Amino acid sequence: MSGWRETSGRGRRPAGAGTLILLRLGFLLCLILLWWMASATVPRGLIPSPAATAASALRLWSEGRLQAAVGQSLVTYGSGLGAAILVGIPFGALMGSVRLFGRTVDIFVFALAATPRVAFIPLIIVLLGLGTEAKAMIVFLGAVMPIILNTYAGVLARDEELIEMARSTGASEARIQLHIVLPGALPFLVVGLRLGATIGLINTVVAELYTAVTGLGGLLALYGNTFRMADYFVIVLALAAIGVIVTESLRLLEGRLSRWRLTDRP
């Protein structure tokens, strides 16, 4: 009986989606309450109240400033992140598949990943100017490294015994890559995408601060320098909302790919 109880304890089902949503809403209400208490405690003007921030959000929306800034930032973010995905996944897969190539270039990739992206901004501005191309390049440099490194690690973690079994049955290299290597690398790949998306969003703000002051980063600098804290909080919350949407979208993608991984393995 004790063994049955232990097994049943280990097999306890996680909380359902409805329960998780309620818990998250409850935690959000606690954060708003703490925010309100902080705004009422600190000197006036340092931390705006939730009501003042909501009023500023409605005003910025009605004036069209918020939508325009979000659109500009999303163009920069999407361009840089999309290019990072298109370059990072094939390059990381090539590093993991061709071991000699991977061992040759990995030291340079690690060195580039350890270099602060801010160090490249003056060079990027000189080469590409202050337009969208420069901003997208800054986002690209931040997002591509986690994608390359995690794809590389995922391909290296492939099941060599399973690959040998597949080869012994006459499976082609393309079939092995599609049905064994790729499903095995998916957990690493999704982690790389999530890290790249997060760093890319941070670099979007950095790019907009260092180059032409536009988008959400530009408004962040404008409202911060003029101490318009309610407007400033609106921009911070908009960036947080974008981050949540991207992260949750990748979480859903991870769930779908995990199911495909389980059904596609030979």
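All of these numbers come straight from a predicted model, not from anything done at the bench.

Caption draft 1: Summary view of the overall build of the protein. Per the secondary structure count, the protein includes 11 helices and 0 strands. Beginning at the N terminus, the succession of helices and strands in the protein can be written as α-α-α-α-α-α-α-α-α-α-α. Of the contacts formed within the protein by residues at least 6 apart in sequence, a portion of 74% connects residues at least 24 apart. Only carbon and sulfur atoms are counted for the fraction: they give 71% of the accessible area of the protein, which is about 15700 Å².

Caption draft 2: Summary view of the packing of helix α4 (residues 65–97) against helix α5 (residues 99–114). Two elements in contact, α4 and α5, have axes separated by 6 Å at closest approach and are oriented at 125 degrees. As summarised for this structure, α4 and α5 are arranged oblique, according to the angle between their axes. Along the contact surface, α4 presents F91, L94, M95, G96 and S97, while α5 presents R99, F101, G102, V105, D106 and V109. Tallied by class, residues from the contact of α4 with α5 come to 6 nonpolar, 3 polar and 2 charged.

Caption draft 3: Representation of unusual backbone geometry. Notably, F227 is not glycine yet its phi reads approximately 55 degrees, a positive angle. Tracing the backbone through its elements, the reader meets F227 in the loop between α10 (215–225) and α11 (229–264).

Caption draft 4: How the structure looks around the packing of aromatic side chains. If you walk through the whole model with that rule in mind, you get 2 aromatic pairs. With a centroid separation of 5.7 Å and an interplanar angle of 75 degrees, the aromatic rings of F91 and F101 are classed as edge-to-face. With F91 in helix α4 and F101 in helix α5, this pair connects stretches of sequence that are 10 residues apart. Here F91 falls in the partly exposed class, since its relative accessible area comes to 29%. Note on F101: relative accessible area 27%, which makes it partly exposed.

Caption draft 5: View of a nonpolar patch on the surface. Among the surface-exposed residues, I21, L22, L25, F27, L28, L29, L31, I32, L33, L34, W36 and M37 lie close enough to one another that they form a single nonpolar patch of about 1200 Å² accessible area. Mapped onto the elements, L22 comes out in helix α2 (residues 17–41). Relative accessible area serves as the criterion here: at 61%, L22 is assigned to the exposed category.

Caption draft 6: Broad picture of the pattern of salt bridges. According to the stated counting rule, one finds 5 salt bridges in the structure shown. E248 is paired through a salt bridge with R24; the nearest N and O atoms lie 3.9 Å apart. With E248 in helix α11 and R24 in helix α2, this pair connects stretches of sequence that are 224 residues apart. Between R65 and E63 there is a salt bridge, with the nearest N and O atoms lying 3.4 Å from each other. On the basis of relative accessibility, which here comes to 39%, the residue R65 falls in the partly exposed class.

Caption draft 7: Structural context of the nonpolar core. Ranked by size, the top nonpolar core spans 39 residues in total, and within it L66, L216 and I235 carry the most contacts. For this core, the elements supplying multiple residues, two or more each, are α4, α5, α6 (121–128), α7 (132–156), α9 (173–210), α10 and α11. Here this core takes 11 residues from α7, the largest share from any one element. Residues contacting L66, with those up to four places away along its chain left out, are L60, W61, L216, V234, I235 and A238.

Caption draft 8: Spotlight on the side chain of T151. Mapped onto the secondary structure, T151 falls in helix α7. A polar atom in the side chain of T151 sits 2.7 Å from the backbone oxygen of I147. With near-sequence residues (within four places) excluded, T151 lies in contact with G88, I89, G92, A93 and L189.

Caption draft 9: Representation of the environment of G96 in the model. Residue position: G96 is located in helix α4. Along the backbone, G96 and L156 are 60 residues apart, and their C-alpha atoms lie at a distance of 5.3 Å.

Caption draft 10: Highlighting the packing of helix α3 (residues 50–63) against α4. The contact between α3 and α4 brings their axes to 4 Å, and the two run at 80 degrees. Put simply, α3 runs roughly perpendicular to α4. Contact with α3, carried on its side by L60, W61 and E63, involves R65, L66 and Q67 of α4 and no other residues of that element. Per-class residue counts for the contact of α3 with α4 are 3 nonpolar, 1 polar and 2 charged.

Caption draft 11: A look at α10. Three or more residues of α10 are buried, namely G215, L216, G217, G218, L219, L220 and Y223. The first or second residue beyond α10 is F227, which carries a positive phi of 55 degrees.

Conventions and cut-offs
Residues numbered from 1 in each chain as written. Predicted model: local features only at pLDDT ≥ 70, side-chain atom pairs only at ≥ 80, totals over all residues. Heavy atoms only, no water. Helix = DSSP H or I, 4+ residues; strand = E, 2+ residues; numbered from the N terminus. Contact = heavy atoms within 4.5 Å. Areas by Shrake-Rupley, 256 points an atom, 1.4 Å probe, with all protein chains shown as cover. Axes fitted to C-alpha atoms, helices over the stretch in contact; angles between N-to-C directions. Parallel < 35°, antiparallel > 145°, perpendicular 65-115°, else oblique. Nonpolar A, V, L, I, M, F, W, Y, C, P; charged D, E, K, R; others polar. Phe/Tyr/Trp six-rings, centres within 6.5 Å; stacked < 30°, edge-to-face > 60°. Buried < 20%, exposed > 50% of the residue type's maximum accessible area, 1.4 Å probe, protein only. Patch = residues over 30% accessible without salt bridge, like charges linked within 9 Å, V, L, I, M, F, W, Y side chains within 5 Å. Salt bridge = Lys/Arg side-chain N within 4 Å of Asp/Glu carboxyl O. Core = buried A, V, L, I, M, F, W, Y, C linked by side-chain atoms within 4.5 Å. Polar contact = N/O pair within 3.5 Å; in protein donor to acceptor, adjacent residues only side chain to side chain.

Read these as spatial facts, not as claims about activity.
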